[in-house]
Amino acid sequence: MPIIVRLDVVMARRKVRSNVLARAIGISETNLSLLKSGKVRGLRLATLDALCRYLDCAPADILEYVPDEGVDRKMSARSVA
């Protein structure tokens, strides 16, 4: 998957525990754990907003886009044609 979740890194830098963050932003610890591990297929913007407000960070600090190599090849072939 080309989007990497870096929430665990941001939390560690800010010394924030999962149970405290989950309670503060209003989600379950289970859902926060799934989000930290990248095992979610979607993220509500309201949740991302709450995470960024509490952790005092930007969305780019939490989410990183890394393109797949196969996608790059397809895009290059399209731009040449």
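Residues numbered from 1 in each chain as written. Predicted model: local features only at pLDDT ≥ 70, side-chain atom pairs only at ≥ 80, totals over all residues. Heavy atoms only, no water.

1. Here we look at unusual backbone geometry
Inference 1: In this model, Lys15 sits at a positive phi of 55°, which is unusual for a non-glycine residue.
Inference 2: Summarising the element assignment, Lys15 is placed in the loop between α1 (7-14) and α2 (18-25).
Inference 3: Positioned with a positive phi, Asp56 is a non-glycine residue whose angle comes to about 55°.
Inference 4: Relative to the elements of secondary structure, Asp56 occurs in the loop between α4 (45-55) and α5 (59-62).
Inference 5: Since its relative accessible area comes to 65%, Asp56 is described here as exposed. (Helix = DSSP H or I, 4+ residues; strand = E, 2+ residues; numbered from the N terminus. Buried < 20%, exposed > 50% of the residue type's maximum accessible area, 1.4 Å probe, protein only.)

2. Description of the packing of α1 against helix α3 (residues 29-37)
Inference 1: The N-to-C vectors of α1 and α3 enclose an angle of 110°; their axes lie 7 Å apart at closest approach. The angle between α1 and α3 falls in the class roughly perpendicular. On the side of α1, the interface is formed by Leu7, Asp8 and Met11, while α3 contributes Leu32, Leu35 and Lys36. (Axes fitted to C-alpha atoms, helices over the stretch in contact; angles between N-to-C directions. Parallel < 35°, antiparallel > 145°, perpendicular 65-115°, else oblique. Contact = heavy atoms within 4.5 Å.)

3. Overview of α1
Inference 1: Buried residues of α1: Leu7, Val10 and Met11, and no others. Viewed along the axis of α1, the buried residues span an arc of 100°, placing them on a single side of the element. Looking at α1, the residues exposed on the side facing more than 90 degrees away from the buried face are Ala12 and Arg13.
Inference 2: Tucked inside the fold, the buried residues of α1 contact β1 (3-5), α2, α3, α4 and α5. (Arc of directions from axis to C-beta.)

4. Considerations on the packing of α2 against α4
Inference 1: Running from N to C, α2 and α4 cross one another at 120°; their axes reach a closest spacing of 10 Å. Classified by the interaxial angle, the pair formed by α2 and α4 is oblique. Note on packing geometry: the crossing formed by α2 with α4 is right-handed. Touching Val20, Leu21, Ala24 and Ile25 of α2 are Ala50, Leu51, Tyr54 and Leu55, all from α4. (Left-handed = near helix turned anticlockwise from the far one by under 90°.)

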